[in-house]
Amino acid sequence: MQVPQQLLDSLTGVAGFHKEAFIQVHESGEQVTSIRVNPGKWSMVNGEWSKNIGLPPVPQQSLNLASATKIPWSSSGYYLPERPAFIFDPLIHAGAYYVQEASSMFLEQAMLQTTDLQQPLRVLDLCAAPGGKSTLLQSLISAGSLLVSNEVIKSRAAILEENCIKWGGANVIVTNADPSAFERLPNFFDVIVIDAPCSGSGLFRREPEAIGEWSEQNVALCYQRQQRILASALPALKEGGVLIYSTCSYSKEEDEDIADWLMDTFTVDSLPLQTNASWGIVETRSDKHQACGYRFFPYNTKGEGFFISCFRKQESGSHSAKPPKKSLLQKASRNELAIIQPWLQPGSPMQLWKQKEELLAFPQQLEKDLLTVVEHIYVRRAGIALGKIAGNDLLPDHALALSTIISPSIVAVTLKKDQAIQYLRREEISVSALHKGWTLVQYEHYNVGWIKVLANRINNYYPQEWRILKRADAGDV
Ligand code: SAM
């Protein structure tokens, strides 16, 4: 793998850059595989809601976690000794874990060290697809906090939505808007995460095909686009709120120079982070304002190239978002509540809403936030889609099966791996289910979806657009 000479030249003088080590690590062919497990779901499997459980949550059969090692800056990330064919592991479709590059899990440290995660927070993940940072943020924030997970590109917003559904949290709104739309929510968010579109040099080792797209002109274009995105987002951040900016580019223009531009343009303070020397993360300072940044080189740190920098907004005007006028959402009726209640975990403090025929659950204490976001931004999905009512019955949505608010008393059948793969292909499955009607299918305790057991057949309700198409002999993923 040949890295562009112009990239090598442009990195001369960048903190922590060693040309020979950089060339060597890209030629080595070494691949690092890492996953982050879903603490919300594991807690549920074990019938308790504590997140402070030190054992690997994913059952051993699927992922060889016995030989995995912890990622030191992450509470739920693991390096795997080899890359399994993830697509054929039903647990990934159940949202038990997410395949995420290790360096980007450092976002956890940025959140922990700059924010009080016990407080109810409003968090915006502005450039969120496919959802790596959003699923991490979901795991970090409290149940009384709100995550708005936004992606501007429609097709990518669909993938973001899928990954958020699989992760299962109810306190998430997925939006599909240009960053400028968030100017309609002035002083709204406590934290804004901008994992900016960038020239992508940090991923060259993992995605060599991206090398051909790298150019100095593209770095310059990305620099301008990053400025536009930041300028759109800053008004939506509260006074005292935290901005977390990251890229997977090594280029100083997209990293330290953006930090200097930000400090020139807005009244923000740079926030330092603590790192452990053994993690190999390079602490950098911008030229003009000495803003703190943290750069990950794959020859120093076990992960791909990454840069992150945090800021606190000093002052803001007194604007606030206009209150909602007429909502697109209505509260569910008494009858609808009575039909839905047995499907939900007892005592879950959810407000039920109706949009057209669809019912959804959203945390009660976030009602005002929900209505405000719905009023101002195009929402793809809010909370947990529950399904539709037909007569006196619920036609349950797939999202309910994967959610962390579903009742543990719903009848379920356990599938073996080959049956689970058949189910995920949306093929006919045969199981000996005694119960007729809606039934959850589970794999190793995790909900995978719904079937409906009829007198003479079983209907498979796995979403058509998510089904596995790939054959096992078609290679790895
Ligand atoms: N945060 C994501 C994660 O962890 O999975 C990765 C985000 S990726 C680095 C950057 C995202 O920004 C892409 O999904 C891309 O579609 C989106 N994007 C591209 N152009 C944009 C723009 N002008 N404004 C906002 N987002 C943009």
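Criteria and thresholds
- Each chain carries its own residue numbering, running from 1 in the written order of its sequence.
- Note on the predicted model: pLDDT of at least 70 is required for a residue's local features to be given, and 80 or more for side-chain atom pairs to be given and counted; whole-chain, interface and lining totals, by contrast, use all residues.
- Hydrogen atoms and water are omitted, and side-chain values are computed over all heavy atoms in the structure.
- Pairs of cysteine sulfur atoms within 2.5 Å are identified as disulfides in what follows.
- Pairing between strands is defined by DSSP: at least two bridges between the two strands are required.
- Only DSSP runs of H or I reaching four residues or more are called helices, and only runs of E reaching two or more are called strands; each is numbered from the N terminus.
- Only the stretch in contact is used when fitting a helix axis, every axis being a line fitted to C-alpha atoms; angles between N-to-C directions are given from 0 to 180 degrees.
- Here, residues are in contact when the closest pair of their heavy atoms is within 4.5 Å.
- For every residue, the accessible area obtained with a 1.4 Å probe (protein chains only) is divided by the maximum for its type, and the residue is called buried under 20%, exposed over 50%, and partly exposed between those limits.
- Seen with its strands pointing away from the viewer, a crossover is right-handed when the path leading from the first strand over the helix to the second is clockwise.

(A) Main features of the state of the cysteines. The full count for this structure, using the stated rule, is zero disulfides. There is no disulfide at Cys127, and the cysteine sulfur nearest it, in Cys198, is 10 Å away. The thiol of Cys248 is not disulfide-bonded; the next cysteine sulfur, from Cys198, is found 3.4 Å away.

(B) Spotlight on the sheet that holds strand β21 (residues 437–443). With respect to topology, four strands assemble into an open sheet ordered β20-β21-β22-β23, the strand pairing being mixed. Of all strands in the sheet, those bounded by a partner on one side alone are β20 (412–414) and β23 (458–460). Here the average twist between neighbouring strands, direction ignored, is 40 degrees. As paired strands, β21 and strand β22 (residues 446–453) are joined by seven bridges and run antiparallel to one another. Bridging from a neighbouring strand, Val441 pairs with Gly449 of β22. The strands that helix α13 (residues 417–424) touches are β20, β21, β22 and β23; relative to β22, the one it contacts most, it runs at about 70 degrees.

(C) Examining the pairing of strand β7 (residues 172–175) more closely. Across the two faces of β7 the burial is the same, with Val172 and Val174 and Ile173 and Thr175 all buried. Across four bridges, the pairing between strand β6 (residues 146–150) and β7 is parallel. Within β7, the position partnered with Asn150 by the bridge is Thr175. At this point the chain moves from β6, through helix α7 (residues 154–167), to the parallel β7, and the crossover so formed is right-handed. The pairing of β7 with strand β17 (residues 379–382) spans three bridges and is antiparallel. Each bridged residue has a counterpart across the sheet, and for Ile173 the counterpart in β17 is Ala382.

Taken by themselves, the reported measurements are silent on function.
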